[in-house]
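Architecture at a glance
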Amino acid sequence: MKIGINALKYFLKTKCSNEEIIESLTKCGLEVDGLENRKQILKDFVVAKVLEVKKHEQSDKLNICKVDNGKEVLQVICGAKNVRAGLYVVFANIGSLIPQNNLIIKKANIRGIESCGMICSAEELCLKDFYNNWKGYNCYKDINLQYCPFDDIFNSQVADSNQDKYEWIEEGIIELSQGDSDLFKVGTSFFDYLKIDPIIIDVAITPNRGDCTSLIGIARTLATFSCGEINFESINKITNFNNFNNNNKIDIKIQVNNEDCKNVSFTKISSVVPSSSNPFIVNIMKDCGFESKNVLIDSTNLAMFVFGRPMHTYDADKLDLSKPIVIKKLDKNDNLSFSPIVSTKNLTSDSQEIFNLCEGSVVIQNNNKNISLAGIMGGIETCVSNTTQNILLECAYFNPSDIVRSIRNNNIQSQSSYRFERGVDVSITALATKFAINIIFSHCKNAVVYNSCVLEHKIDDKIIEISLLEINNKLGESLSKDEVLNLLNRIFYTNQITQNRPIDVKNNDVFVINIPHYRHDISIK
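Below is a short write-up of the structure. (Residues numbered from 1 in each chain as written. Predicted model: local features only at pLDDT ≥ 70, side-chain atom pairs only at ≥ 80, totals over all residues. Heavy atoms only, no water.)

**Quick notes on a nonpolar patch on the surface**
Short version of the rule: Residues enter patches when they are more than 30% accessible in relative terms and free of salt bridges; like-charged ones are connected within 9 Å and nonpolar ones (Val, Leu, Ile, Met, Phe, Trp, Tyr) within 5 Å. Shrake-Rupley sampling with a 1.4 Å probe provides the accessible areas, and residues are treated as covered by the protein chains on show and by no other component. What counts as a salt bridge is simple: a side-chain nitrogen of Lys or Arg found within 4 Å of a carboxyl oxygen of Asp or Glu. Elements are defined by DSSP. Helices are runs of H or I of four residues or more, strands are runs of E of two residues or more, and each kind is numbered from the N terminus. Throughout, exposure labels follow a simple rule: accessible area from a 1.4 Å probe, protein chains only, divided by the maximum for the residue type, with under 20% read as buried, over 50% as exposed, and the rest as partly exposed.
A cluster of nonpolar side chains, contributed by Ile-341, Val-342 and Ile-380, occupies part of the molecular surface with about 210 Å² of accessible area. Positionally, Ile-341 belongs in the loop between strand S20 (337-338) and strand S21 (355-356). The exposure class of Ile-341 is partly exposed, given its relative accessible area of 34%.

Printed below as a string of structure tokens:
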């Protein structure tokens, strides 16, 4: 699972360095499989200022420029049409490696004039897609402040999609600023200004640690190991941003024939637009290995990445909501036909893969049609398209063993099944749903949110009792009661996300622990 360090730090208050965070993850039993340092690719490039521009006497297209790179003023030949005096630019000093073609910049003689460096374009730095996402706007940050991408999701001032993007993105050198700049300082690293997470880590999640398949889960685990503390203020901000009105009533009939679906929530939202997500969301999605589709789909994928709760978005107009939504295990007399959103075969664009699902698979049905292979993938017949106007959000809990069986029997898996088979937190259905609604509402200001239709079964508490003597015997230690109580409270603390009961002590030496719903792996007693 890929995560950006800056995105993680939004949910983790920590003074630890990136190296210490990575080391702590290993101590937590979460092996770091890979690390990508994006700054390394652009480390040679600095902010510079063009002081003077005059035409090259031996060429109609070339200019002779005087460029201040923060250390000295250099003479540079540039053929870009948009180069001009007073412009802040991205500069490659002698010895810099250009990412586009692996060219090493050397001192050159161009038409009889010496050139000492290069003023760079977005294409040469492989940043053309980055600037196109932003349409040239709002893509820089104050290098004196820690950049946290979630800060900008709901409050971003992104350019209107109808506005023309800067022409230099397609043809020309990067224009940082014209005239005196309060943001850019000549000679500083160009990369440090970009709203790009510099460090991406790839964490291997073992089958027993479903609680770590999210940003908040990773942050919570690191906090347990004294690598900071959970930033509840940030969590409250992203779940309470919009005071949308969901007093609009709708009655969706839900039938759960499968006892292993402990709870399910359906929320209808009308008057939506399947627009592109803002660049903050696109970048976070890209960092964690997801391809951005549109805000209606990205909202639920981002909820899964942040909270670890898979969700699904249906086109409500492709459903018959006068009939119940049914969650059940298939038997041999049921309709077994199902066409997944993502094909498992190489089909032509106008082809549709049809599965015959295996008996015993958990499905979600409407009007006797299988609209989702539960916990794994939605169906193509009810999926969101570029004409979708009304949607239905689903957030449900499915038994891990049922998901594992469906994966094996039907040979189909997904990011959702990756989490469900490891076990997800059954208690945060409302929280994840609210976050997804907030994302949609921030893009679709005219959206109408209806009340959530919820069906819940009682969730039994998992309680473990263990004595101080047993703990010390298992660990080979001689910990005191207070030391053990302090450690247990650190691991199983009560907070706004998980309403655990405090650790009780009976008979002065027996600890009574209410295991949180996100820890499916703890059952030692």
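**Side note on the packing of helix H7 (residues 295-307) against helix H10 (residues 429-443)**
Note the cut-off: Fitted lines through C-alpha atoms serve as axes, helices being fitted only where they are in contact, and the angles separating the N-to-C directions of these axes extend from 0 to 180 degrees. Handedness of each helix crossing follows the sense of rotation of the near helix against the far helix: counterclockwise by less than a right angle gives left-handed, clockwise gives right-handed. Should any heavy atoms of two residues lie within 4.5 Å, those residues are considered in contact. Amino acids are sorted into nonpolar (Ala, Val, Leu, Ile, Met, Phe, Trp, Tyr, Cys and Pro), charged (Asp, Glu, Lys and Arg) and polar (every other residue, Gly among them).
Contact geometry for H7 and H10: axes closest at 9 Å, N-to-C directions at 145 degrees. Judged by the twist between their axes, the crossing of H7 over H10 is right-handed. Here Val-295, Leu-296, Ser-299, Thr-300, Leu-302, Ala-303, Val-306 and Phe-307 of H7 lie close against H10, whose contacting residues are Leu-431, Ala-432, Phe-435, Ala-436, Ile-439, Ile-440 and His-443. Looking at the contact of H7 with H10 residue by residue, the class counts come to 12 nonpolar, 3 polar and no charged.

**Considering the nonpolar core**
Here is the rule: Here the nonpolar core consists of buried residues drawn from Ala, Val, Leu, Ile, Met, Phe, Trp, Tyr and Cys, with membership extended through side-chain atoms lying within 4.5 Å.
Ranked by size, the top nonpolar core spans 97 residues in total, and within it Phe-11, Tyr-131, Tyr-140, Ile-174, Phe-190 and Leu-194 carry the most contacts. Looking at this core element by element, the count peaks at 8 residues for H7.

**Describing empty space enclosed by the protein**
For the record, the criterion: Space inside and on the surface of the protein is sampled on a 1 Å grid over the protein atoms alone, with a cavity defined as a set of points where a 1.4 Å probe fits but cannot get out and a pocket as an open set with protein on both sides within 12 Å along at least 5 of 7 lines; lining residues have an atom within 4 Å of a point. Grid points are joined across faces, edges and corners, and a volume is the space filled by probe spheres set on the points.
Scanning the entire structure with this criterion turns up 2 cavities of 30 Å³ or more. Computed from the structure, the largest cavity encloses a volume of approximately 120 Å³. Ser-214, Arg-220, Phe-307, Asp-425 and Ile-428 are, among the 15 residues lining the largest cavity, the residues nearest its centre. Broken down by element, the residue count for the lining of the largest cavity peaks at 3 residues, all from helix H4 (residues 215-224). Grouping the constituent residues of the lining of the largest cavity by class yields 6 nonpolar, 6 polar and 3 charged. Its volume calculated, the second largest cavity comes out at about 70 Å³. As for the second largest cavity, its lining consists of Trp-134, Tyr-147, Pro-149, Lys-195, Ile-196, Asp-197, Pro-279, Phe-280, Asn-283, Ile-284 and Asp-287. Class assignment of the residues belonging to the lining of the second largest cavity gives a composition of 7 nonpolar, 1 polar and 3 charged.

**Quick look at the sheet that holds strand S16 (residues 254-256)**
Convention followed: Paired strands, as defined in this entry, are two strands with at least two bridges between them according to DSSP.
Read from one edge of the open sheet, 5 strands run S16-S19-S22-S23-S24, paired in mixed fashion. If you trace the sheet from one side to the other, it starts and ends with S16 and strand S24 (377-378), each paired once. The sheet contact formed by strand S23 (residues 369-373) and S24 spans 2 bridges and is antiparallel. Pairing of Ser-372 across the sheet is with Gly-378, part of S24.

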